[in-house]
Each structure stands twice: as C-alpha cells, then as structure tokens.
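Structural features, examined
Listed below, chain by chain, are the residues.
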Amino acid sequence: MALSIGIVGLPNVGKSTLFNALTKAQNAESANYPFCTIEPNKATVPVPDKRLDVLSAMAKPQRTVHATVDFIDIAGLVRGASKGEGLGNQFLANIRECAAILEVVRCFDDENIIHVDGKVDPLRDIETIEMELLLADIQSVEKRLERLKKMSKGNKEMQALVGEVERLLQHLDAGNPASAFKPKDIEGISQTWRELGLLTAKPVIYCANVDESGLLDDNALIEAVRSHAQKRGADVVKICAKLEEELQGLSEQEQEDMLAGYGIDQSGLVQIIRTGYRTLGLASYFTVGDKEVKAWTIVDGWKAPACAGVIHTDFERGFIRAEVIAYDDYVAHGSEAACRTAGCLRTEGKEYVMKDGDIVEFLFNV
C-alpha cells in the first residue's frame with residue numbers, strides 16, 4: 001500500500017513550487033500568476049528511511065526498494081470553485097482517493113508575489129479551502145441521495161440507507177465536516193461511505209509555507225495556523241518551498257549543510273511524509289535478501305497475516321507463520337544467520353502485531 005497525499009491550496013501560495021521540490025520533478029509549472037497549474041499532477045516519491053539504507057549497505061542486494069508516497073497536486077482553489085469559479089473544482093475528483101489532504105497556506109509577505117485575495121491571511125485561505133471542499137461534498141451527497149431514492153422504492157433496507165444519507169446531508173448543510181459525522185451501522189452504509197470519498201472526511205495536515213526568515217522562529221501568521229490546527233486536532237508542517245526547490249540537485253551532504261545553515265535538520269519532504277505516517281497511523285516493516293531489500297507500508301497495529309497480504313494476497317490467505325527479527329538486533333548481529341544463532345529470530349503466529357522496523361520472512365502455503 002502507498003500513502004497518498006492530495007495537495008490543495010489557493011493559487012499562488014507556493015503549492016506548485018512545493019510539488020516540484022517534493023517530487024524532484026519540474027512537471028508542475030511555477031509562475032507568478034494564478035492558475036499556472038491547469039492539469040492535475042501526480043508523482044510517486046520514495047520514502048526516505050535511513051534504516052533501509054543501513055540494511056541495504058549490510059545485505060548488498062541487487063536492488064533496494066523504498067516505500068512510496070503518491071503526491072497529487074491540483075489547480076488552485078478559489079472562493080466559488082464549487083460553483084465553477086476558477087479551475088480547481090474540476091480536479092477535486094483526483095484527490096478523492098487520497099488518504100490525507102495537505103492544505104498549503106502562505107505565511108509570509110512579499111510584494112513581488114501576488115496573492116489572489118490581495119492580502120496574505122492563512123486563516124482566511126483555510127476557511128476558503130475547507131468551505132469549497134465541504135460544498136463539493138454536499139454536491140456529491142445530493143447526487144448520490146437522488147439515485148438512492150430512485151432505487152429504494154419498495155425496499156425497506158434501502159430506505160434505511162436513504163435516511164442515513166439524508167442525515168449526512170443535513171450534517172454537511174449545517175457546515176460540519178464529514179469527519180465529525182458518525183454513521184449508523186446499517187447495511188450498505190460502509191460501501192456508500194467509501195464510494196462517496198468525501199473530502200472533508202479525510203485527515204488534514206496544514207502546511208505553512210514561509211520565507212527563509214520564518215524557518216527558525218514562528219511569525220504571527222504561523223502562530224495563527226498552529227492555533228487553528230490545535231483546535232482541529234491536526235498537525236502543522238512548516239516548510240520553505242523556495243528552499244526545498246533549491247535543495248534539489250544537491251548531494252546528500254550538501255543538502256544537510258544547507259539545512260544546517262538554516263538551523264533545521266529535516267527537509268520538507270521528510271517532515272511531510274513523517275507527519276503523514278503519524279496522522280494516518282502507518283508503519284513500515286522490511287524484507288531483506290540477496291536480491292532485494294524492501295520497505296513495506298502497513299497500518300500500525302495490523303497482525304502478521306494482514307501485513308503479509310501487503311506483499312501478496314496469497315501470503316495472507318495461506319499464512320503459516322512469520323520469522324521476525326527486530327531492526328536493532330539485525331544491525332547488532334549483522335545477518336539473519338547470526339541473529340538465528342544468537343536466538344534473536346522469533347517465530348510468530350497469526351496473532352502477532354507487527355512492529356515498526358521489524359525484519360520479516362513469511363512462510364505460507366496455498
């Protein structure tokens with residue numbers, strides 16, 4: 001499974017610059033005018049993980065495979081997008097399948113960079129973004145409700161589903177996000193919920209785009225975003241999109257030196273990915289062999305068979321047991337054979353809950 005993050009924001013807040021930097025691909029044009037992104041952009045990015053690098057250096061495989069994150073960048077949203085204003089609304093469907101939404105807001109003043117509303121105000125931008133997402137959800141629910149009503153004639157179970165969707169619509173119409181709605185456990189509601197892909201049901205990460213001076217100390221704009229995020233129970237990532245773009249093309253050491261010069265030790269990419277993992281409750285385990293060392297993304301708390309199914313459904317269906325080595329033990333002893341001799345290799349069954357960093361080999365039979 002891959003983590004997917006949809007990048008949304010008003011025009012000209014550094015969204016496309018950030019996309020260019022995060023994906024190391026200059027396929028989201030950056031320019032000093034609104035709507036420079038007129039096609040949805042998607043890129044798959046390897047997840048930086050120093051543990052994987054260590055394991056690869058030890059095992060010397062033919063290839064090393066990182067876990068990945070899909071970043072999807074859409075055109076800038078503006079007030080009225082849900083009614084056809086601007087270009088953003090037509091691309092919202094591209095982020096309905098995303099696991100989380102990254103809301104990019106500008107937290108610095110620069111008279112040379114135009115703001116679509118004439119003045120930098122991240123809280124106003126957040127209000128605009130989230131209202132347009134809410135209105136888009138309302139439209140989706142209204143369309144689905146209309147179809148369900150036609151299908152429910154003479155069907156009591158379907159009529160119960162209609163009632164629940166009507167309750168959802170009332171909830172949204174009152175200005176509440178779908179994440180605050182608690183659906184009843186009735187037949188069809190889970191499938192309907194998944195098919196709707198409601199935007200306001202997704203976890204949100206706020207991304208405060210600052211200039212170089214804002215990297216060390218929070219200004220009033222960033223503090224306002226942090227306060228809002230705290231009320232929402234959301235995380236905030238502070239990045240300088242311009243700096244992130246400048247980092248591309250540099251060696252790893254050069255990047256570390258440049259970041260250190262600004263008093264930071266992680267790039268925006270690493271911050272966003274780690275925050276995304278934490279927000280969604282994700283973890284990684286590793287498989288290590290001569291041919292391949294690979295990181296696999298799982299949901300924290302999954303049991304061994306479900307984790308095996310990430311590799312292939314047959315692994316879950318025919319699961320017998322898992323041979324597990326903790327990352328620290330593997331590094332300390334240097335190989336699977338040495339861990340086995342030292343008694344660090346454990347045999348785990350179907351009830352074992354996989355730990356972040358586990359090195360595992362699954363045994364299965366189908």
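1. Comments concerning the pattern of salt bridges
- If you walk through the whole model with that rule in mind, you get 19 salt bridges.
- Close ionic contact of D125 with R124 constitutes a salt bridge, the shortest N to O distance being 3.2 Å. Both residues of the pair, D125 and R124, belong to the buried class.
- For the salt bridge of E164 with R167, the shortest nitrogen-to-oxygen distance reads 2.7 Å. Taken together, the positions of E164 and R167, both in helix α4 (residues 156-173) and three residues apart, correspond to about one turn of that helix.
- Looking at E164, the relative accessible area reads 4%, which means it is buried.
- What makes R167 partly exposed here is its relative accessible area of 30%.
- Through salt bridges that share partners, D49, R51 and D356 make up one connected network.

2. Looking at the packing of aromatic side chains
- By the definition in use, this model includes five aromatic pairs.
- Ring geometry for Y285 and F362: centres 5.8 Å apart, planes at 85 degrees, overall edge-to-face. One end of the pair, Y285, is in strand β8 (residues 282-288); the other, F362, is in strand β12 (residues 359-364), with 77 residues separating them in the sequence.
- For Y285, a relative accessible area of 0% gives the class buried.
- Members of the aromatic cluster, each reached through a chain of ring pairs, are Y285, W296, F319 and F362.
- Over the face of the ring belonging to F108 we find R106, whose NZ or CZ atom lies 5.0 Å from the ring centre.

3. A closer look at the confidence of the model for the protein chain
- For the protein chain, per-residue confidence averages 87 on the pLDDT scale, and 89% of positions sit at 70 or higher.
- Counting interchain partners and residues more than four positions distant, the pLDDT-below-50 stretch residues 25-38 has 38 contacts.

Definitions and cut-offs
- Residues numbered from 1 in each chain as written.
- Predicted model: local features only at pLDDT ≥ 70, side-chain atom pairs only at ≥ 80, totals over all residues.
- Heavy atoms only, no water.
- Salt bridge = Lys/Arg side-chain N within 4 Å of Asp/Glu carboxyl O.
- Buried < 20%, exposed > 50% of the residue type's maximum accessible area, 1.4 Å probe, protein only.
- Helix = DSSP H or I, 4+ residues; strand = E, 2+ residues; numbered from the N terminus.
- Phe/Tyr/Trp six-rings, centres within 6.5 Å; stacked < 30°, edge-to-face > 60°.
- Lys NZ or Arg CZ within 6 Å of the ring centre and 35° of its normal.
- pLDDT = per-residue confidence, 0-100.
- Contact = heavy atoms within 4.5 Å.

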